[in-house]
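Chains, contacts and geometry: an overview
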Amino acid sequence: MLNRLKEMGRYSETVQALADAEETLWINPRGIENTFDGSITQKDIDEAEERLQRFAPYIKKVFPETETSEGIIESPLKEIPKLQKRLSELLNYEHEGRLLLKCDSHLPVSGSIKARGGIHEVLKFAEDVALESGMLSREDNYEVLAEDRFKGLFAKYSVAVGSTGNLGLSIGIMSAKLGFKVTVHMSADARQWKKDLLRSRGAIVIEYPDSYQKAVAEGRKEAERDPLCHFVDDEGSLELFLGYATVGRRLEKQLQQLNVKVDSDHPLFIYLPCGVGGAPGGVAYGIKKRYGENAHCFFAEPTHAPCMVLGMATGLHDGICVEDIGLDGKTAADGLAVGRPSRLVGKALETLIDGISTIEDYKLYNYLKALADTEGIYIEPSACAAFDTAARVMQNEEYLERYGLKNKIKTATHILWATGGSMVPETEMKHYYSLASNISLRA
Ligand SMILES: *Cc1c(COP(=O)(O)O)cnc(C)c1O
């Protein structure tokens, strides 16, 4: 395959590093363009936000943990000065500027970034069904959806999804709560506790011995056989994407509350772990829509499953997978164990993603432990994939030069996106913590 890529003119040093499962930082040569795919507009994103607002009274009623936020599913944005200091020590580098943690690990309802896109997609489906039935109008207080007559309506419909775990959790929990029959097709990487939890909430879980792609394909097949079944397509769903993208305006407000300025003298850097690309893609898109070129968005992937950077660096997007270059796709970062990128995201973000780093698995545990020890916050291994990306970008002369960032390093703000973890059982979390090694970390 590498030879074929050479013939096609799509081979590069980055592709070689990926094939060798070596850590690398790919800088997107087109990131500087910052142009938007006209097919997804701020208006589309705002409509998704309005839908989440309409559902807020219902969410507040059925998920009491959202009472303080009035039924809006949002996570805190926290200063993490002690981790900042620890990272500087671990990486032997001075982490300047302000470092924040976006705690999607602690999002209500499903404890991961998937509570953004996944729940939005299920709510959109429920709203369409309810409006079409004539039992609901947009002006109603959506609290009525908790009544038995709506459960009766939704019970005639089903929802299916293929997932490595967290998307299944968010789709399964939300669908079952509304009254849909929901089937989650889980890949071999999915953790047992996630399957158990879903079953306890009334979802049907089907397990596959092979990869995530297989689970998605099975979910799609099942849905095709049943006209009343809605399939959540993690590899190309617009509704998922829009749900993630609503965070743009919300983050803007949270940054204002923390007195964080974002302008050409105060750049904002976002670091997101990436699997199929939907979640980080939607979030990055929403943020770029608000801040344009003043926001720099980076993704991070495991060295054994770097599907998004492979698709972007070759320009082949979902036309290539990590197995094509001899990788096994196996990683301890179960949420990122994906071999082929989303067909929607790579193209929509071709000129928006600024770069992608890859990281070796053992480091995930070390960062997990570093965050726990310094800030007392526990997140899952996948959520730590981007913890060294800032250090690598800030030491990349080419990048700093190209964007004129050299004298703005001190005034920059960096956000590590903690994508999941609060629902991980304590024994499992202790085990992750115990896997931290003494190997030095140098970025
Ligand atoms: C799903 C997930 C991601 C990545 O999202 P994709 O849409 O698959 O790219 C990152 N971290 C965690 C914890 C996740 O569950």
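Residues numbered from 1 in each chain as written. Predicted model: local features only at pLDDT ≥ 70, side-chain atom pairs only at ≥ 80, totals over all residues. Heavy atoms only, no water.

1. Considerations on the overall build of the protein
- Counting secondary structure elements, the protein contains 18 helices and 11 strands.
- Over its C-alpha trace the protein gives a radius of gyration of 21 Å, about what one expects of a compact globule, namely 22 Å for 443 residues.
- Dimensions of the protein, computed from the C-alpha atoms along their principal axes, are close to 60 × 50 × 45 Å.
- Burial status across the protein gives 60% buried among its 443 residues.
- Taking the contacts inside the protein whose residues are at least 6 apart along the sequence as the reference set, 76% of them involve residues at least 24 apart.
- Of the accessible surface of the protein, which amounts to about 16900 Å², a share of 47% is contributed by carbon and sulfur atoms. (Helix = DSSP H or I, 4+ residues; strand = E, 2+ residues; numbered from the N terminus. Rg over C-alpha atoms; globule rule 2.2 N^0.38 Å. Buried < 20%, exposed > 50% of the residue type's maximum accessible area, 1.4 Å probe, protein only. Contact = heavy atoms within 4.5 Å. Areas by Shrake-Rupley, 256 points an atom, 1.4 Å probe, with all protein chains shown as cover.)

2. Digging into the pairing of strand 6 (residues 204-207)
- Pairing geometry for strand 5 (residues 181-186) and strand 6, over 4 bridges, is parallel. Within strand 6, the position partnered with Val-184 by the bridge is Val-205.
- In terms of handedness, the path from strand 5 via helix 8 (residues 192-200) over to strand 6 forms a crossover that is right-handed. (Pairing = 2+ DSSP bridges. Right-handed = clockwise from strand over helix to strand, strands pointing away.)

3. Digging into the sheet that holds strand 3 (residues 98-103)
- The mixed open sheet is built from 7 strands, whose spatial order is 1-10-9-8-11-3-2. Where the open sheet ends on each side, the last strands, each with one partner, are strand 1 (25-27) and strand 2 (77-79). Within this sheet the neighbouring strands show an average axis-to-axis angle of 25°, counted without direction.
- In the sheet, strand 3 pairs with strand 11 (residues 413-418) via 6 bridges, with the strands oriented parallel. Considered in strand 11, the bridge of Lys-102 is made with Trp-417.
- Contacting strand 2, strand 3, strand 9 (295-302) and strand 10 (355-359), helix 15 (residues 361-375) runs over the sheet at an angle of about 95° to strand 10. (Axes fitted to C-alpha atoms, helices over the stretch in contact; angles between N-to-C directions.)

4. Considerations on the side chain of Lys-408
- Position of Lys-408 relative to the elements: it lies in the loop between helix 17 (397-402) and strand 11.
- Within the buried core, Lys-408 has no salt-bridge partner, and the shortest N-O distance to an opposite charge, that of Asp-265, equals 4.6 Å.
- Within the local environment of Lys-408, its side chain forms a polar contact with the backbone oxygen of Ser-264, the two atoms lying 2.9 Å apart.
- In this view, Lys-408 contacts Ser-264, Asp-265 and Pro-267; residues no more than four positions away in its chain are not counted. (Lys, Arg positive; Asp, Glu negative; His and termini not counted. Salt bridge = Lys/Arg side-chain N within 4 Å of Asp/Glu carboxyl O. Polar contact = N/O pair within 3.5 Å; in protein donor to acceptor, adjacent residues only side chain to side chain.)

5. Thoughts on the packing of helix 4 (residues 81-91) against helix 15
- Close contact between helix 4 and helix 15 brings their axes to 8 Å; oriented N to C, the two are set at 135°. In terms of orientation, helix 4 lies oblique with respect to helix 15. Helix 15 is crossed by helix 4, and the crossing has right-handed handedness. Together, Pro-81, Lys-82, Leu-83, Arg-86, Leu-87, Leu-90 and Leu-91 of helix 4 and Tyr-367, Ala-370, Leu-371, Asp-373, Thr-374 and Glu-375 of helix 15 make up the contact between the two elements.
- Split by residue class, the contact of helix 4 with helix 15 holds 8 nonpolar, 1 polar and 4 charged. (Parallel < 35°, antiparallel > 145°, perpendicular 65-115°, else oblique. Left-handed = near helix turned anticlockwise from the far one by under 90°. Nonpolar A, V, L, I, M, F, W, Y, C, P; charged D, E, K, R; others polar.)

6. Observations regarding the domain arrangement of the protein
- Domain boundaries assigned for the protein yield domain 1 (2-40 + 68-110 + 241-437) and domain 2 (112-240).
- One C-alpha centre belongs to domain 1, the other to domain 2; they are set 26 Å apart.
- Together, the buried faces of domain 1 and domain 2 total about 2800 Å²; carbon and sulfur atoms form 56% of this surface.
- Considering only the surface of domain 1 that becomes buried against domain 2, Ser-110, Tyr-244 and Asp-334 emerge as the three largest contributors, covering 22% of it.
- For the pair domain 1 and domain 2, the interface holds 6 salt bridges.
- With a shortest N-O distance of 2.6 Å, Asp-104 and Arg-116 are connected by a salt bridge.
- Joining domain 1 to domain 2, the criterion identifies 16 residue pairs in polar contact (both at pLDDT 80 or more).
- Looking at the side of domain 1 that touches domain 2, the elements with two or more residues in it are helix 10 (238-245), helix 11 (247-257), helix 12 (278-291), helix 14 (343-348) and helix 18 (426-434).
- When grouped by side-chain class, the residues that make up the side of domain 1 that touches domain 2 number 21 nonpolar, 8 polar and 9 charged. (Domains from an automatic or database assignment. Buried area = accessible area lost by both parts, 1.4 Å probe.)

7. Examining the pairing of strand 3
- Within strand 3, 5 of the 6 residues are buried, which leaves it mostly tucked inside the rest of the structure.
- In this structure, strand 2 lies alongside strand 3, joined through 3 bridges in antiparallel fashion. The partner of Leu-77 across the bridge, within strand 3, is Lys-102.

8. Quick look at the site of the ligand
- Not every one of the 16 residues close to the ligand is listed here, only the nearest: Lys-114, Asn-166, Gly-275, Gly-277 and Thr-419.
- Between the ligand and Asn-166 there is a distance of 2.6 Å, counted from an oxygen atom to a side-chain nitrogen or oxygen.
- Within the backbone of Gly-275, an N or O atom sits 2.7 Å from an oxygen atom of the ligand.
- For the ligand, whose accessible area on its own is 380 Å², the fraction buried by protein is 98%.
- Using a 2 Å cut-off from the grid points, one finds that the ligand occupies the largest cavity. (Near = heavy atom within 4 Å. 1 Å grid on protein atoms, 1.4 Å probe; cavity = no way out; pocket = protein on both sides within 12 Å on 5 of 7 lines; lining within 4 Å. Sits in = over half its atoms within 2 Å of the grid points.)

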